[in-house]
Amino acid sequence: MPELTFLGAARTVTGSKYLLTHGNARVLFDCGLFQGLKELRERNWQDLPVPATSISSVVLTHAHLDHVGYVPRLVKQGFGGPVFCTSGTAELSRLVLPDSGRIQEEDARLANRHGYSKHSPAMPLYDEADAHRALGHFHPVGFHREIEVADGVSIEFMGSGHLLGSAYIVARLSGGTTILFGGDLGRYARPVLPDPEHAGDVRADVVLVESTYGDRDHPTDDQGDELAGVIRETAARGGKIVIPSFAIGRVEELIYWIRRLERERRIPVLPVYVDSPMASEALRYYIQRAHELDPDMRPSGKPGVGDVSAFATARFQVIASPQQSKELTASRKTGIVISSSGMATGGRVLHHLAAALPDPKNTVLVVGFQAEGTRGRQLIEGATELRIHGASVPVRARIAKLNSMSGHADRSEILRWLKTLPASPRRLMLVHGEPGPMDALKATIKSELGWNAETPQHQQTVAL
Ligand SMILES: [Zn+2]
């Protein structure tokens, strides 16, 4: 009988890993890092319950670190099999995994310098070279193409609309069981990314679905009004707008909206700078794969040429060198600077914040969820000063917050997608959520669909 073991994202939102055991085959669906609280991050150091060498293959839903970030560790531990994913996921992984390796190295260096690791010397979970080795195992597969990934296990990728290349996975086992791994589910009727695909003809026996926002609906789309207001007011004051942003996904959505507001003449045309090497690389992949994006973003006119302007405003500039970044930081000219990291925990955006925060003419625009303990969170909670690079920076700039951009389906969208299943699954398992939203979603599913959902625990094994 096939078994599923929940090795991550069980009653929490990071570390996605589900181990399927079927006959001699062991397939790991998603291979993500735990992030956030220390007690979660420490799980990255625990060995999996089976040796890495005994795992036949890995199948990935998308390139966010909490879904791919453990692959280099697994390879370091001796995993030698293939890693199946879509082409978009393979491309974005080439950006995020080496970057993650560099961050792990940097963390270990800091721990050694300040002596705060209990291991001596502190070691990185993996380094940049490990990440490059891991990428050698990646096997890109197209959407809607059934492929055998281990003895008696075939999979197919379906679009989930959450990130470039993101997928949910239909796994068909010899013996007849079909499992649907929901991955991270995107949203409906949003720009840039397509809607999640209908599960229309997939008769799944077992379904795993995320529950990050299982207890709420996102605010209704304001068609860019809030963003337009912030840009107009700051431009009128002659200030600068600094937007901390995740390098992949969020940047694309921001540029889409700024471009649209310019075209609709709802904001003045300002210089827009993207100052993040990873973001500019990712932008390139989005442009190359425009045919996988929302129909609005697809190339029009010239055949075979991506509509580059879909991701460029009238006065658009990608900042390449650290020198250019320094000049932009020092400049007091009115403009919009998009830079990472998204919660201002590191990266080039820190220099922009240190320069922009003391001046009341400027605006710092915080977008989306900000985790506890991050500078982004401190700003929206009204901090009057911020520590950046060891110095105290006074906060006199206007702090604005934009709530409308989230890549995850909300409660109604999760239900909408579940309703596309042709029949109720034998078992529905909620994953990728904190206990509160997860239990709320469980109750809603019971009342709206009449289905009993399960909420497996970390390291629980379920016979299917
Ligand atoms: Zn994700």
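As shown above, the structure is provided for reference.
Residues numbered from 1 in each chain as written. Predicted model: local features only at pLDDT ≥ 70, side-chain atom pairs only at ≥ 80, totals over all residues. Heavy atoms only, no water.

(A) Main features of the pattern of salt bridges. Taken as a whole and judged by the stated rule, the model has 24 salt bridges. Here D225 makes a salt bridge to R266, at a shortest N to O gap of 2.8 Å. Taken together, the residues span a long stretch of sequence, with D225 in helix α6 (residues 225-237) and R266 in the loop between α7 (250-263) and β13 (271-275) at a distance of 41 residues. For R266, a relative accessible area of 22% gives the class partly exposed. (Salt bridge = Lys/Arg side-chain N within 4 Å of Asp/Glu carboxyl O. Helix = DSSP H or I, 4+ residues; strand = E, 2+ residues; numbered from the N terminus. Buried < 20%, exposed > 50% of the residue type's maximum accessible area, 1.4 Å probe, protein only.)

(B) The coordination of the zinc ion, seen in detail. Looking at the zinc ion, the protein donor atoms are H62 (NE2), H64 (ND1), H162 (NE2) and D184 (OD), and they sit 2.2 to 2.3 Å from it. Around the zinc ion sit 4 donor atoms; with metal-centred angles ranging over 91 to 170°, the donor geometry is irregular. Positions of the donor residues of the zinc ion, expressed as sequence spacing, correspond to H-x1-H-x97-H-x21-D. One end of the pair, H62, is in the loop between β4 (57-59) and α2 (65-68); the other, D184, is in the loop between β10 (178-181) and β11 (206-210), with 122 residues separating them in the sequence. Each member of the pair, H62 together with D184, is buried. (Donors = N, O, S within 2.8 Å, 3.2 Å for Na, K, Ca; no water. Tetrahedral: all angles 85-135°; square planar, octahedral: opposite > 155°, others 65-115°.)

(C) Summary view of the layout of surface pockets. There is about 200 Å³ of room inside the second largest pocket. For the second largest pocket, the lining is made up of 13 residues, of which R187, Y188, P219, D221 and E413 are closest to its centre. For the lining of the second largest pocket, the residue count by class is 3 nonpolar, 4 polar and 6 charged. (1 Å grid on protein atoms, 1.4 Å probe; cavity = no way out; pocket = protein on both sides within 12 Å on 5 of 7 lines; lining within 4 Å. Points joined across faces, edges and corners; volume = space filled by probe spheres on them. Nonpolar A, V, L, I, M, F, W, Y, C, P; charged D, E, K, R; others polar.)

(D) A look at the nonpolar core. Of all hydrophobic cores here, the largest spans 71 residues; its most connected members are L74 and I248. With 7 residues, the single largest contributor to this core is α7. Contact partners of I248, with chain neighbours within four places excluded, come to L92, L95, V96, L163, M278, A282 and Y286. (Core = buried A, V, L, I, M, F, W, Y, C linked by side-chain atoms within 4.5 Å. Contact = heavy atoms within 4.5 Å.)

(E) Here's a closer look at the sheet that holds strand β16 (residues 363-367). Spatial strand order, β14-β13-β15-β12-β16-β19: 6 strands in an open sheet with parallel pairing. This sheet does not close on itself; its edge strands, each paired only once, are β14 (315-318) and β19 (398-402). When strand polarity is set aside, the average angle formed by the axes of neighbouring strands in this sheet is 20°. The pairing of β13 with strand β15 (residues 335-339) spans 4 bridges and is parallel. Within the sheet, the bridge partner assigned to D275 lies in β15 and is S339. (Pairing = 2+ DSSP bridges. Axes fitted to C-alpha atoms, helices over the stretch in contact; angles between N-to-C directions.)

(F) Inspection of the environment of S340 at higher detail. In this structure, S340 sits in the loop between β15 and α10 (349-356). By relative accessible area, which is 14% here, S340 ends up buried. When the C-alpha positions of S340 and S404 are compared, they lie 19 Å apart, and in sequence the two are 64 residues distant. Contact partners of S340, with chain neighbours within four places excluded, come to S245, A247, D275, S276, G346, G347, R348 and V349. In terms of polar contacts, S340 uses its side chain to reach the side chain of S276, at 3.1 Å. (Polar contact = N/O pair within 3.5 Å; in protein donor to acceptor, adjacent residues only side chain to side chain.)

(G) Examining the packing of aromatic side chains more closely. Applying the stated criterion across every chain yields a total of 6 aromatic pairs. Connected via pairs of aromatic rings, a cluster forms that spans F6, Y18, F29 and F181. K17 extends its terminal NZ or CZ atom over the ring of Y70, reaching a point 4.7 Å from the ring centre. One cation-aromatic arrangement involves R284 over Y285; the distance from NZ or CZ to the ring centre is 5.4 Å. (Phe/Tyr/Trp six-rings, centres within 6.5 Å; stacked < 30°, edge-to-face > 60°. Lys NZ or Arg CZ within 6 Å of the ring centre and 35° of its normal.)

(H) Geometry of the sheet that holds strand β21 (residues 453-454). Taken together, the 7 strands give an open sheet; going across it, the order is β7-β8-β9-β10-β11-β20-β21, and neighbouring strands pair in mixed fashion. The open sheet has two edge strands, β7 (147-150) and β21, and neither has a second partner. As judged from the 3 bridges shared by β10 and β11, these two strands associate in the parallel manner. Residue L180 lies in a different strand from β11, and its bridge partner there is V207. The strands touched by helix α12 (residues 411-418) are β9 (167-173), β10, β11 and β20 (427-431); relative to β11, the strand with the most contacts, the crossing angle is about 160°. Helix α13 (residues 435-449) rests against β11, β20 and β21 of the sheet, and its axis sits at about 150° to β20.

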